[in-house]
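Chains, contacts and geometry: an overview
The residues making up each chain are set out below.
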Amino acid sequence: MANDDLGRTLRRLRRLASLTQEELASRSGVSVDVIRQLEQRRKHSARLPTLHALANGLGVELTTLLGDPPAVSSSGENDGPQFVAVRRAIMPALWGPELPPPGPDFTLDGLRGQIADGWTQYHAAEFDAVMKALPVLISDARSAAASGSEDERGAGYAALGKVLQLAGHVAVRMGKTDLALISLERAIDAAEQSSDPLLLPMIVNSTAWTYQRQGRLADALGIALRAADNMADLGLTGTADGLKVWGGLTMSAATSAARSGDYERAAAMMETAEKEAARVSKMPDGGDNRMVSVFSPSSVRVERVRLAVQYGHPRDALALAKGMRLSKDTPPSWRTWLLLDVARAHADIGDAAGAVKTLESLRRVAPAWMQHHTLAVAIVRDLWALPHHPPGLGALADFLGVSE
């Protein structure tokens, strides 16, 4: 459960930030004795305000300190056979045999449909299924990019870029950010040879997200803004798909700005993005929405709530979330994140009953996701330490193993 490896993660992040324990204590306001006890694993958990303070002192998101929910089955085999096969597909052996041409039953439309299905599974957190499919999809896309007419090769490179982008996302979820960047760089190479002008900025957005995960906030902000500006200069925002890609880049830039301490700039970017998102529904549908960035009034509002709660504005987060109706194209994972962020905002303002009510909704919507999510467990653990427990907290604590 949550915080099992908190001390190890804290020590690693502190060293990456080139901070001594005393310097982290000064930056976070957490006593050096608490930091020392956590790192030496004499203390295995901390109250949520302490965790917030440590994350702020380290310059990372709270989920970076606590860890993401596992992207694999409960066996936790991050380097199991499926992931080894994905790594080999991303980085095939040097001087390996030439790929055979696609078989007689192969079609690019069929491959694109399978890749879109992979993105749907990814957003539904079905990572085992995605990893099982990726090696074959990458191989088929490489074959398509090397065969046929010039137009067919351009479409093949587009498929290859999109499936390598998906592999990069899966690698991030597995905690393998260096492998993710390798996959994304190869996806960019494919995109530059493809027939899809929107593919390159989409992959840049994924690269910015990966930089964020590595704490490279200036790099993430810079490439997202540059790609968004390039799209505008090239006139690529006049279609629904183009505006979605631009919006995804703008939201990514806002997240990097907020994590860099410039919340006001981030909030302004998000307000602009939300206004632009209202235009999407008025434009002709560009095709398979599973293959483009998620961008709608709902998705922007979800991100605005997330930024507000992550950067110390819980009342703003609750005001933004009040009365929200999520559009049908909002991925399930975004819906679960919204509930978790709202629960955290309630906890931050001392509304234990509101936090419990929201967490009960989260349990109904995504019980397995919640059970493995370290932040959900941390919130319940914090509420469980209170002298008075609101109705429903006991069942949640039992479900998450906090009451033991």
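See above for the structure.
Residues numbered from 1 in each chain as written. Predicted model: local features only at pLDDT ≥ 70, side-chain atom pairs only at ≥ 80, totals over all residues. Heavy atoms only, no water.

1. Notes on the overall build of the protein chain
Looking only at helices and strands, one finds 21 helices and zero strands in the protein chain. Summarising its shape, the C-alpha atoms of the protein chain cover approximately 70 × 45 × 40 Å along the three principal directions. Looking at the protein chain as a whole, 50% of its 404 residues are labelled buried. Excluding contacts between residues fewer than 6 apart, the proportion of contacts in the protein chain whose partners are at least 24 apart in sequence is 68%. Of the roughly 18700 Å² of accessible surface on the protein chain, 51% is carried by carbon and sulfur atoms. (Helix = DSSP H or I, 4+ residues; strand = E, 2+ residues; numbered from the N terminus. Buried < 20%, exposed > 50% of the residue type's maximum accessible area, 1.4 Å probe, protein only. Contact = heavy atoms within 4.5 Å. Areas by Shrake-Rupley, 256 points an atom, 1.4 Å probe, with all protein chains shown as cover.)

2. A few points about the environment of Val342
Tracing the sequence through the fold places Val342 in helix H17 (residues 332-348). Given the relative accessible area of 13%, Val342 is considered buried.

3. Observations regarding the pattern of salt bridges
Following the criterion strictly, the structure yields 10 salt bridges and no others. Ionic pairing is found between Glu22 and Arg36, a salt bridge with its closest N-O pair at 3.6 Å. Of this pair, Glu22 sits in helix H2 (residues 21-28) while Arg36 sits in helix H3 (residues 32-39), and the two are 14 residues apart along the sequence. For Arg36, a relative accessible area of 25% gives the class partly exposed. Connected through shared salt-bridge partners, Glu271, Glu274, Arg301 and Arg304 make up one network. (Salt bridge = Lys/Arg side-chain N within 4 Å of Asp/Glu carboxyl O.)

4. Here's the deal with helix H15 (residues 297-310)
With 14 residues, H15 extends 20 Å from end C-alpha to end C-alpha; this agrees with the ideal 20 Å at 1.5 Å per step. Summarising burial for H15: 12 of the 14 residues are buried, a large majority. Where H15 is concerned, the buried positions are Ser298, Ser299, Val300, Val302, Glu303, Arg304, Val305, Arg306, Leu307, Ala308, Val309 and Gln310. Looking at the buried side of H15, the elements it contacts are helix H13 (240-259), helix H14 (263-277), helix H16 (314-321) and H17. In the segment just after H15, Gly312 is the residue with positive phi, at about 85°. (Expected span 1.5 Å × (residues − 1).)

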